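Next come the chains, spelled out residue by residue.
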Amino acid sequence: MAKIIGLTGGIGSGKTTIANYLASLKIPVYIADDAGKKVMQKPEIIDAIREKFGDGIIEENQLNRAKLAEIVFKDPEQLKILNSIVHPAVKEDFKDWLNKHRDADYVVYESAILFESGNYKNFDVIMTVTAPLETRIARVLQRDNTSREQVLNRINSQWTDEQRVAKSDFVIENIEIGLAKQKIDEILKILSINQ
Ligand code: ATP
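Just so you know, these numbers come straight off a predicted model, no measurement behind them.

Rules and cut-offs
- Residues numbered from 1 in each chain as written.
- Predicted model: local features only at pLDDT ≥ 70, side-chain atom pairs only at ≥ 80, totals over all residues.
- pLDDT = per-residue confidence, 0-100.
- UniProt positions renumbered as here; feature names shortened; annotations may be inferred.
- Helix = DSSP H or I, 4+ residues; strand = E, 2+ residues; numbered from the N terminus.
- Buried ≥ 20, exposed ≤ 12 C-beta atoms within 10 Å, placed from the backbone.
- Contact = placed C-beta atoms within 7 Å.
- Pairing = 2+ DSSP bridges.
- Core = buried A, V, L, I, M, F, W, Y, C linked by C-beta atoms within 7 Å.

I would appreciate a short explanation of the confidence of the model for the protein chain in the present structure.
Reading fine detail from the predicted coordinates is not recommended where pLDDT is low. Per-chain confidence: the protein chain averages 95 in pLDDT, with 99% of residues scoring 70 or above. On the interface metric, ipTM, the complex scores 0.97, and its pTM is 0.91.

I keep staring at the UniProt feature "binding site: ATP" (unreviewed entry) in the protein chain and nothing clicks. Help me out?
Taking the numbering used here, the UniProt-annotated feature "binding site: ATP" (unreviewed entry) corresponds to G12, S13, G14, K15, T16 and T17. Considering the arrangement of structural elements, one finds G12 in the loop between strand 1 (3–9) and helix 1 (15–24). The class of G12 is buried, set by 25 C-beta atoms lying within 10 Å. Not counting the four nearest positions on each side in its chain, G12 is found in contact with A131, R136, I137, R139 and V140. Within the secondary structure layout, T16 lies in helix 1. A tally of 18 C-beta atoms within 10 Å means that T16 is categorised as partly exposed.

Looking at this structure, I do not really get unusual backbone geometry. What am I missing?
Backbone phi values are negative for most residues with the exception of glycine, while trans is the configuration of most peptide bonds. Phi at K26 is positive, roughly 75°, even though this residue is not glycine. Relative to the assigned elements, K26 resides in the loop between helix 1 and strand 2 (29–31). Among the residues examined, K26 registers 10 C-beta atoms within 10 Å and is labelled exposed. Unlike most non-glycine residues, E60 shows phi in positive territory, near 50°.

What is the right way to look at the pairing of strand 6 (residues 125–130) in this model?
Most of strand 6 sits inside the fold, with five of its six residues counted as buried. The pairing of strand 1 with strand 6 spans five bridges and is parallel. Its bridge partner lying in strand 6, I5 is registered against V125. The sheet contact formed by strand 6 and strand 7 (residues 170–173) spans four bridges and is parallel. Of the residues in strand 7, the one forming a bridge with T130 is E173.

Explain the nonpolar core to me, please; I cannot follow it from the model alone.
Across soluble globular proteins, nonpolar side chains show a tendency to be buried alongside one another. Judged by nonpolar contacts, the single largest core of 23 residues is most densely connected at L7, I18, L22, Y30, V108 and Y109. For this core, the secondary-structure elements that each account for two or more residues are strand 1, helix 1, strand 2, helix 2 (32–39), strand 5 (106–110), strand 6 and helix 9 (177–190). Setting aside residues no more than four positions away along its own chain, I18 makes contact with L7, V129, I172, N174, A180 and I184.

Structural data, given as structure tokens:
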């Protein structure tokens, strides 16, 4: 069975950018956030969310994800409820995906909430991507149609870099992308991946 590298980092740290680099090196990459979006289109998941959050969360038979995000990222209890619906579905989806890639030496599981979800306990190697807080906020404001307050709500719903780093096998500082890629190459060498 393939060994699993858990890849995480706070919002705007550059996890997906790093995950894409790993994928370009032919390492299978699973993006938990994309899987979450996918399962949230399933009728049974939409129904379960509607039951907890009310009809106002539905627009043309689809979830209004922006509205949902606004609710859950300022209320930890609501976030817990949403996660209790979405996480088991993602877990199933990942199991199927992993089975398809079982012959690989390593696969990567990328998630912003690897620690918060407790998922990290199931993985073989943990990598955390870091960047200064203001850099992360600036990146997200440039990428998304969102406000500083919303970004801060999300940051406050996640672990801090210090907490993540303390539990990681490897830390990738992602300020200058070339240096971050160099660091990845060094880590892959240590793990004897793609050598
Ligand atoms: P989220 O948790 O919100 O999904 P993320 O950690 O996956 O964020 P990315 O989406 O990879 O972060 O990066 C956030 C934004 O910052 C993107 O627009 C990306 O292109 C940009 N970015 C990532 N790394 C760098 C870098 N080293 N230099 C400049 N811009 C970067």
